[in-house]
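One letter stands for each residue in the lines below.
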Amino acid sequence: MMRNVPKILGIMTMVLLLLVAAQGEWHFKRIRPLTGAYVMDPIPRPTLKTIMDGSWQAQTERYIKGSFGFREPAIRLYNQYVYSCYGKSMNKGVIVGRDGYLYERYFVEDYYESRMYRYTENPDELKHKFEMEAKRLAQLQELLRERGTTLFVVILPGKDMLYPEHLPPADTLTRTPGPRAYTEYTRLFNQYGVRYVDILDWFLTIRDSVTYDLMTQNGTHWSNIAATYAFDSIMRYMQNIGGAPIRPVQLGQPYYDYTREPDNDLAELLNLVVTPGQPPCQYVNVRVTDNTQGKPGLIVLGDSFFWNITYNFPLDSLFRYTHYWFYNNTIYFDPEHDNTSQLDMRKTLDDADYIMLSYCSGQLYDLGNEFIGKSLILLLYSDEEIQAVRDTICAHIRSDENWLHNLEEKAANEGISLDKAIVNDANYLMATRPEEYFDKLNQ
Amino acid sequence: MVFSSHIFLLYFLPAFLLLYFLVPAKWRNAVLLAASVIFYAWGAPDFVLVLLVSTVANFYIVKAMDKAQSRKTKRMWCAAALTVSLGLLAWFKYANFFVDNVNALLTSLGLGVMGWTKVLLPIGISFFTFQSVTYVVDTYRGVNRPMKSLVDYVVYIIMFPQLIAGPIVRYNEIADQISARRRLRWDECLQGFYRFVIGLSKKVLIADVIGRSVDMALGGDLAAMDTGSAWITIAAYTMQLYFDFSGYSDMAIGLGRIMGFKFPENFNNPYVSTSVTEFWRRWHITLGTFMRNYLYIPLGGNRSGLWRTYFNLWVVFLLSGLWHGAGWNFVLWGAYHGIFLVVERMTGLNKGERLKWLRVPVTFVVVMVGWALFRIEDLGQCWTFITRLFAFDFTSLQFPILDAQFLTTLGVALIFAFITLFPFGRKLQQWTFYTEYRPAQHIAVWAVACIMFFFCLGALTATDFSPFIYFRF
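Residue numbering note: each chain is counted from 1, following its sequence as written. Each chain gets a letter, beginning with A, and each ligand a number, beginning with 1, in the order they are written. Residues qualify for local features only when their pLDDT is at least 70, as the model is predicted, and side-chain atom pairs are given and counted only at 80 or more; totals for whole chains, interfaces and linings, by contrast, use all residues. Here the side-chain values reflect all heavy atoms present in the structure, with hydrogen atoms and water set aside.

Description of the packing of aromatic side chains
All names here are of chain A. Keep this limit in mind: In summary, the pairing rule links any two rings of Phe, Tyr or Trp, Trp by its six-membered ring, whose centres are within 6.5 Å, and it sorts them by plane angle into stacked for under 30 degrees, edge-to-face for over 60 and tilted for everything else. Comment: elements are numbered from the N terminus, with helices defined as DSSP H or I runs of at least four residues and strands as E runs of at least two. When accessible area is computed with a 1.4 Å probe and restricted to protein chains, residues below 20% of their type maximum are described as buried, those above 50% as exposed, and intermediate ones as partly exposed. Any Lys NZ or Arg CZ that is within 6 Å of a ring centre and within 35 degrees of that ring's normal is treated as a charge sitting over the ring.
A complete count under the given rule lists 84 aromatic pairs over all chains for this structure. With centroids separated by 4.8 Å and ring planes inclined at 55°, the aromatic side chains of Phe130 and Tyr185 adopt a geometry described as tilted. With Phe130 in helix H6 (residues 123-146) and Tyr185 in helix H8 (residues 181-192), the pair connects residues that are 55 residues apart, well separated along the chain. In terms of burial, Phe130 and Tyr185 fall into one category: buried. Ring centres of Trp202 and Phe203 lie 5.5 Å apart, and the angle between their planes is 50°; this geometry places the pair in the tilted category. Overall, the relative accessible area of 32% leaves Trp202 in the partly exposed class. On the basis of relative accessibility, which here comes to 1%, the residue Phe203 falls in the buried class. Positioned over the ring face of Tyr111 is Arg180, at 5.6 Å from the centre of the ring. The ring of Tyr283 carries the charged tip of Arg260 above its face, separated from the ring centre by 4.3 Å.

What about the sheet that holds strand S3 (residues 150-156) of chain A?
Within a sheet, each strand pairs with its neighbour through backbone hydrogen bonds, oriented either parallel or antiparallel. Residues and elements named next belong to chain A. The cut-off we apply is this: The criterion for strand pairing is that DSSP finds at least two bridges linking the strands in question. Helix axes are fitted only over the stretch in contact, all axes being lines through C-alpha atoms; the angle between N-to-C directions runs from 0 to 180 degrees. Throughout, a contact is declared for two residues whenever any of their heavy atoms are within 4.5 Å.
Taken together, six strands build an open sheet; the order of strands is S4-S3-S12-S9-S10-S11 and the sheet is mixed. Taken across any chain shown, the strands that pair with only one partner, and hence form the sheet edges, are strand S4 (196-198) and strand S11 (330-332). On average, adjacent strands in this sheet sit at an angle of 20° to one another, irrespective of strand direction. The sheet contact formed by strand S10 (residues 321-326) and S11 spans three bridges and is antiparallel. Residue pairing for S11: Trp325 is matched across the bridge by Ile331. H8 contacts S3 and S4 of the sheet and is inclined by roughly 135° relative to S4.

Considerations on the pairing of strand S12 (residues 354-360) of chain A
Residues and elements named next belong to chain A. Of all the seven residues making up S12, seven are buried; the element is thus mostly covered by neighbouring parts of the structure. Judged by which residues are buried, S12 turns out to be covered on both faces: Tyr354, Met356, Ser358 and Cys360 on one side and Ile355, Leu357 and Tyr359 on the other are all buried. Looking at chain direction, S3 and S12 are connected through seven bridges and run parallel. Its bridge partner being in S12, Val153 is matched across the sheet by Leu357.

Focus: the domain arrangement of chain B
All names here are of chain B. Rule in force here: Boundary definitions for the domains trace back to an automatic or database domain assignment. Summed over both partners, the accessible area lost on bringing two parts together, with a 1.4 Å probe, is the buried area. Criterion for a salt bridge: a side-chain nitrogen of Lys or Arg within 4 Å of a carboxyl oxygen of Asp or Glu.
Segmentation of chain B into domains returns domain 1 (6-181) and domain 2 (188-274 + 353-459). Here the C-alpha centre of domain 2 lies 29 Å away from the C-alpha centre of domain 1. Opposite the 26 residues of domain 1 that make contact, domain 2 presents 19 residues. Summing the contributions of domain 1 and of domain 2, the shared interface buries around 1,800 Å²; its carbon and sulfur component is 80%. For the domain 1 face of the interface with domain 2, the top three residues by lost area are Leu9, Pro161 and Pro167, together amounting to 31%. Where domain 1 packs against domain 2, one counts zero salt bridges.

What follows is the structure in structure tokens.
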């Protein structure tokens, strides 16, 4: 038996290697999936051209890297080694701060050097964009108010600004901080009379006095309990500025419970063998106390912070509908539409009682995600007038050889017609620089 | 295809080994040949035909050379074979360099530049060219008879374990193994597997980790680098290069052993050398051997007087530098080493072990400074970096030098690079590489090797896996 040990081990090595390939193909063993969203490479189809230029090989290698058997435990094992031995995250989007606090990278970027550099190198250009956006927002608020719809902004806390003492040192700081969206917008909102709620400012005033975490050590969003208390206040604010009554709610006593989504979301995103535990969290239950009143319609447009509200509030009992427009793109909780591009926007705006633009401080750079400009145009102009402007822009694009040439390449890459690409560019310009094409926006 | 890729580790290698072990022994070379063609074509489909045609041409030219009766005809065929091999190397590797320099000269003279389409460099050409040179020359010298089988010859030239980066196996070292390998031994296969995993770990867990920080450090403003950071950076690159290259050689030797080949060693703890001369006996050994046998000795070696010996040495290292890359920095690097070799020979410092504890660190520093020439291709940037090494400006160490994983890995690399200075290290090396394990030892080492293999797989995958909480738009 002992004499055969090398032979047995050799055969076992082959079996193990083949087992990995088999698991990649047939997934016979159920494995804890990795946390987070990522794009899986499709199975590449070879052609003579793609083989000869090496692109098929490169795609195949990416595909195998993303799908081989036992990939998940292999990644977790190495991530655990790096995290445990060096206190580092292998996920480039997650940064381990002081005292084990976890931060999403873009919050750290926002704190140290401002995210403006993702948009422009020119601070004045960004300041101008903020100013135009704030003016348009004030105009849109007024137009919608006249049509019976209350539009308002909720500024939510970014972890960098609420808990800066746990941020990692600014090792990678290479640029002079530029204008910060939060600072600029709060000033501009006051200047132009935009209705908004600054939850970040409120949290900063109470962060040292409350007995619960406003944002958890291992999470990137506001904590469930903080979100619950905050939304209770936001609903009161809505009623005060809107008038459409909202059913009263009662909050119970806080209690400790197992960690719920997303209070540990960044820790989960580390994809370790043993996920770091979140220190005990408090939660609070919400109960609607009067079911006799009517239910207004609510549209929430913004980032992922609103998920916490959907987990903790009986929204169906409070609102006729709560449509969640995720970054003004995918729609959640709307049985009829998946995407905002499918909507009859004028009708949708008129039907809603409340529209809440909800962004955390680090996401304010994309406030509205083009919703503000597009909506204003729809409310101020007829379809014929908008088409006329679009036609003018398209004609301009067609007369510009360089532009047209670039669009030809873009259309070929995206597999769309040149006409479609031209219209897409025209629509983009109308949404992002509406003041250049629509005079009424400047009034 | 590279050894540290998922497709090689998880699909190509298992499928090849399965087939290789299952077919009858007489078919193994054919399986190895087919696998090698696929292996090469995967990364360079355009060049596989060039490789095969030149290899086949060489086979028949050498056959003709062997049959030739007169010495003159033999020499003519030998020259033809070398022209095919070295001509391809010259064209693919040095044509761009030549034209760039001619154009630079023409520009400086105020003349127009030559039109030129860049030639792409086929991977591994420097290595398989040298292997074919050893075949031609060894046959010409009568060291070996030419191979009878074309398949066997092509296997020798393009065998995938050493095709891309060596070791450069001389024809006479492996001729018998190709035509008549002894039957497979499981303990040899296992030893080969262990060696492969050691190489993979050196590459993935040490060289790649250190390399990421080195790239960041050298990608920054070199003029602003403080002296401490500069020395740590170059020490790190010194370790990265060693663990990367020797790791690759370990993988190649291990794969060869699994298949029943015994490839020559390519590294022997080069950083414990007491002189630059010794360093070159321990670093890339197969290249050194090739240069000695096929360049230094034909140039006259040390048989033509002292000054001619110095000249030959220096020329060999100049050309060795050029072999490493078509760039002036490589030429300078070769010349730099050549100067030290000549000086050591003049002063007798190339012999003996006197003052070992002083000479080892001095040699290490000389080699490290040389690596700066090797790594930084822009000569201006290179000079800036070298001046920072000796600027004595110890202000503050900066990221990425202060990264804990980098520093720890560098520490581990330094320990392993110098461990054989001590008896314990030499024992460990002997036990790891040259001991026939007992069954119980096999079980323990095999378990560790399997875990390390899986761990390396994790490192290769996790490095650029960064999912988002949600998709953003």
